[in-house]
Amino acid sequence: VGFFLSQSLVCGTGLALAWYPAQIGIVMWFKEINRPSVGAGLFGFFLGFWPMTFSWWGSVLVVHYDIPISFYITAAVIFLISLPSIFLFRTPAELPLPLEGLGQPLLVEVEGLGQSEGNDASDMEEQQFAESNETAASPLLTRSQFNRHPQSYIQFFVWIFTVIPGFAIKFTISPLMSSVFGASVKLQSTASYIFLFFYATSRLFTGLVVGRVKLRTVVMTSTIVSFLCFFFVGSVVLKGLTSVGWMWGFIATNVAIASSLGMEKVLISLVSLENWGVNNMPRMAARGVFALTVAAFIGPLFVWLGLSYPGNIYLDSTLNSMQQKAELEQSVGIALLILGVFGCTGFLGHWLFVKPHKPSKTRTHSEFHE
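Thresholds applied
- Residues numbered from 1 in each chain as written.
- Predicted model: local features only at pLDDT ≥ 70, side-chain atom pairs only at ≥ 80, totals over all residues.
- Heavy atoms only, no water.
- Core = buried A, V, L, I, M, F, W, Y, C linked by side-chain atoms within 4.5 Å.
- Buried < 20%, exposed > 50% of the residue type's maximum accessible area, 1.4 Å probe, protein only.
- Helix = DSSP H or I, 4+ residues; strand = E, 2+ residues; numbered from the N terminus.
- Contact = heavy atoms within 4.5 Å.
- Axes fitted to C-alpha atoms, helices over the stretch in contact; angles between N-to-C directions.
- Parallel < 35°, antiparallel > 145°, perpendicular 65-115°, else oblique.
- Left-handed = near helix turned anticlockwise from the far one by under 90°.
- Nonpolar A, V, L, I, M, F, W, Y, C, P; charged D, E, K, R; others polar.
- pLDDT = per-residue confidence, 0-100.
- Phe/Tyr/Trp six-rings, centres within 6.5 Å; stacked < 30°, edge-to-face > 60°.

Asks: How would you sum up the nonpolar core? Please name residues and give values.
Replies: One finds Ile169, Met177 and Leu267 to be the most contacted residues of the largest nonpolar core, which totals 60 residues. Mapped by element, the contributors of at least two residues to this core are helix H2 (13-31), helix H3 (36-64), helix H7 (150-170), helix H8 (173-181), helix H9 (185-209), helix H10 (215-238), helix H11 (244-308) and helix H12 (322-352). Broken down by element, this core gets its largest block of residues, 20 residues, from H11. Aside from chain neighbours lying at most four places away, what touches methionine 177 is Gly182, Ala183, Leu187, Gln188, Ala191, Met247, Phe250 and Ile251.

Here you go:
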């Protein structure tokens, strides 16, 4: 209840009531056929597809119609496109997915799951599936037991530090490009679309890759890419390298940042599943999703502090004097470097402190009911 109330306060009731239950449900369903990463990736991709589409669509509507009308048109389109899903919706038990390498659909709970001859990738998948089956038997913890476990807090704060940098850029691309690089409105819209495109597709990529590549390898790769990008961009802005060529370098770097953020959003539920098992995964995933909410609220504040710290600065760079522009570049560069430090902290947290939950000898929630 506390999770939904906090999510409703920060993100609205729609996100609180729809996003988290759907994400956990889909991951659980795909877990039945040992493909939880595919479920998380597909859900994340389609969730990110709409912001990507309407980042371009919205600006076009606003140009041809006023803002209220553009909202009504967008709502109507989403409603009409969503209608077919009511009739096409199926659970894995009703429409099982085929397992790669087999000539027939794989039914849920078929004995000998994953025992097929194949390449090294298939062997790695089978090994990880076996490991996930071991964690699936992890006993259900009571709420007090879960809250007393240090890892529940360690992983919460590690995820906050991990995704703060990505959210900081996601919500401030336009003002950064306008004030620092002097980009036009059209170029700002294009950069936003590029960011959201890779933000969406990276989630699908992650869902397909995890299982063929070790989960920890994917986590460490996404986190290290993020903070290195921020150290690079912060150094560039701090040195006053804001010409057109460097602006395109900023856009290219945003591709890596967007991909990293998209991967991390998918990885939260998968890491929770691996570290806590099926029984306790919803609790840890809920805490991870709330970490996303906190990071999405805090992250952009650092960029806005960097933009506003010099004082009376115009977001249109052509209206600023040379001294104002130099002060702006210095404050924004420092803000980006600080965000890089946050990302580095998240990377070190995953590397050194995030550990799987190990069942203790204390009585669990399921044992209390026996």
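Asks: I'd like to hear about the packing of H8 against H9, residue by residue, with values.
Replies: Where H8 contacts H9, the axes come no closer than 9 Å and their chain directions differ by 140°. Taken together, the axes of H8 and H9 lie oblique to each other. In this structure, H8 meets H9 at a crossing whose hand is right-handed. Across from Ile173, Ser174, Met177 and Ser178 in H8, the residues of H9 making contact are Leu187, Gln188, Ala191, Ser192 and Phe195. Residue composition of the contact of H8 with H9, grouped by class: five nonpolar, four polar and no charged.

Asks: Before we move on, could you go through the confidence of the model for the protein and cite the residues and values that matter?
Replies: When the pLDDT values of the protein are averaged, the result is 80; 76% of them are 70 or greater. Per-residue pLDDT stays below 50 along residues 99-118; that stretch engages in 23 contacts with residues further than four places along the chain or on separate chains.

Asks: How would you sum up the environment of phenylalanine 43? Please name residues and give values.
Replies: Mapped onto the secondary structure, phenylalanine 43 falls in helix H3. Residue class for phenylalanine 43 comes out buried when judged on its relative accessible area of 14%. Expressed as a C-alpha distance, the spacing of phenylalanine 43 and arginine 203, which sit 160 residues apart in the sequence, is 8.4 Å.

Asks: Explain the environment of glycine 41 residue by residue, including any values.
Replies: If you trace the backbone, glycine 41 turns up in helix H3. For the pair glycine 41 and leucine 204, spaced 163 residues apart in sequence, the C-alpha separation works out to 4.3 Å.

Asks: Describe the packing of aromatic side chains, and please don't skip the residues or the numbers.
Replies: For the structure on display, the rule yields 14 aromatic pairs. Plain terms: the ring middles of phenylalanine 156 and phenylalanine 157 are 5.0 Å apart, the flat faces sit at 75° to each other, and that makes the pair edge-to-face. In this structure phenylalanine 157 comes out as partly exposed when scored by relative accessible area, which is 46%. Seen from their ring centres, phenylalanine 197 and phenylalanine 198 are 5.2 Å apart, and the 90° between their planes marks the pair as edge-to-face.

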